[in-house]
Amino acid sequence: MGTVENVSKKSFCASSVENSKIFLLSYFQKSNIHGFVYFSLQVLSFLEKLFWLVLVVMAFSACVIISLQSYNRYETKNTVVTIEKDHYYWNTSMPSITICPTVNRISIQKFDAYCEKKKIQGTDKSEFYQFIESLANSTYTNFENIKDFPSIEKLNIDPKDYMSLIYRLTEDWSRRTEGERKVRGIFDLEFVVTEQVLTEYGICYMTNNHLTKHLSTSTLIFGTEADSPFDEKFYQNVKLHQVVSGNLFDGDLNYNFVGFVDEIMAYSDIGVSLHTTFMSSDSYQSIIHSAVFKINLSVLPTNNIRFSLLNSVTRVSQRGCRFQSESNLTHYNFYTKGICLQECRLNVAYRICSCIPHFYPNKVAAPKPVCSYKQLKTCLAKHKDLLVKLRDEMNNAVNCPGCVQNCKDVNIFIDSFQVLEGTTDLLGTIGGLMIVKQYPMIRYKRKILFSFEDLIVSVGGTAGLFTGFCFLGAIEIIYFFTIRLFWYFKGRR
């Protein structure tokens, strides 16, 4: 009985192998791929079939190698930067200004009300004011200057509440109702959107920028959007610009950033930051100025990088730049290279001291521990050169993965920087005057050089050249080894 079963199994296996061989030879006879037909010809000798096998393997190898080169070009070199010079028709955005107060950030009225509510009096109140004022003005370059008193420990302030407490004790000067004391941007008797924003220097004020809504203090600290300045009574009957822009025929453009009536600036490396309308303030490349004068900035914008359908048909790895909506960040829901470097700095601080400074947004799924003021003074202060420059002791750049350049950006050069002393009495305010005297003459534009359609054509042409392969040939293979194979073993041969 066992012998009969073994014979039956061997017979079935031999039959299956023979049928498979016949089916494969049938495919070779009908295939459109060059060289396959010679494997099915009975008249050819073994050496002739071996010859054709070597040729087919070489052809397929060349096809694969060249196709992979085309794919690599599509992935890494499919865009090109071109130069445009038709500058007569360009609309150029004026640079943005961010001003960060360096003293007197805390509102005395709000501080007194808070102390009365918390029953903080006498020496404890004085020491608490010095502490919270120094904390509000702290950043990587001056953490060691944070005031430290024994009475601060008795207040039991949770480090994660530092920034929200500073925010509640700070008056938003951009929301003042008095016209002359309101921080605002002024352009040709009209106004420019101005917002209180959160930076690595704490609470600052920004005007003439596309990102003011994303960078507002309420958005980054609490995750809630601030009220629109368009809803304020002050702006209801005037034109309000998000960004001031102009062209060659407009002549010199200028706007004022005013309303800083108190002595809010100290001699330090903090003050006025100049940047593009597509980026946030790069705090550590700020312009130095003091409290008692107005500044006059003459700038030259250039290298306006434009794009053409890049965000919809290409990936970041292909074009080597990232759009604002393509955020890869944890603590921010939008992208700029400057913000990416801030998050990189945040992660370095966390890696070194197991906590992050209080001025970073932390409303995320897995919030990081916030440094206490003692950790800021004892740990982060020791590594300020690394954290500010993002370079180690050997001057090697810290790895900031994913921090590629912005797809839409403008390079700005300061043509002149002038201190205008004595204007405070005349204007009743301090601030900045931005002037654009020369418009860009060239502009760079990213274009798609090697699209997905080009990749298909390239691979298809390579396959056709070396093997005779085509789209219908691919359909033929799928058909032959699915539907035709099924019916073949069903007996329809």
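Quick look at the structure, then. (Residues numbered from 1 in each chain as written. Predicted model: local features only at pLDDT ≥ 70, side-chain atom pairs only at ≥ 80, totals over all residues. Heavy atoms only, no water.)

This part covers the overall build of the chain. Within the chain one finds 17 helices and 17 strands. Expressed as a percentage of the 493 residues in the chain, the buried residues total 47%. Taking contacts inside the chain between residues at least 6 apart in sequence as the whole, the part at least 24 apart equals 75%. Just so you have it, the chain exposes about 26,100 Å², and 57% of that area is on carbon and sulfur atoms. (Helix = DSSP H or I, 4+ residues; strand = E, 2+ residues; numbered from the N terminus. Buried < 20%, exposed > 50% of the residue type's maximum accessible area, 1.4 Å probe, protein only. Contact = heavy atoms within 4.5 Å. Areas by Shrake-Rupley, 256 points an atom, 1.4 Å probe, with all protein chains shown as cover.)

Turning our attention to the state of the cysteines. In a disulfide, the sulfur atoms of two cysteines are held together by a covalent bond. For the structure shown, the criterion picks out six disulfides. The side chain of C100 participates in a disulfide bridge whose partner is C204; the two sulfur atoms lie 2.0 Å from each other. The sign of the S-S torsion, about 100°, decides the handedness of the disulfide formed by C100 and C204: right-handed. Of this pair, C100 sits in the loop between β3 (96–99) and α3 (108–118) while C204 is found in strand β7 (residues 202–207), placing the two residues 104 residues apart along the sequence. In this pair, the class of C100 matches that of C204, namely buried. One disulfide in the model links C321 with C407; its S-S distance is 2.0 Å. Torsion about the S-S bond of the C321 and C407 cystine: about 90°, corresponding to right-handed handedness. (Disulfide = S-S within 2.5 Å.)

Taken as a whole, the second largest pocket spans an internal volume of roughly 290 Å³. Along its surface, the second largest pocket is lined by 18 residues, and K160, I221, N362, K363 and V370 are the ones closest to its centre. Classifying every residue of the lining of the second largest pocket gives 11 nonpolar, three polar and four charged. (1 Å grid on protein atoms, 1.4 Å probe; cavity = no way out; pocket = protein on both sides within 12 Å on 5 of 7 lines; lining within 4 Å. Points joined across faces, edges and corners; volume = space filled by probe spheres on them. Nonpolar A, V, L, I, M, F, W, Y, C, P; charged D, E, K, R; others polar.)

Before going further, it helps to examine the side chain of E75. As for its position among the elements, E75 is in helix α2 (residues 46–76). According to the relative accessible area criterion, E75 is buried, its value standing at 15%. Here R315 takes part through its side chain, which lies 2.3 Å from a polar atom of the side chain of E75. When near neighbours in sequence (up to four residues on either side) are disregarded, E75 contacts R315, S317 and Q318. (Polar contact = N/O pair within 3.5 Å; in protein donor to acceptor, adjacent residues only side chain to side chain.)

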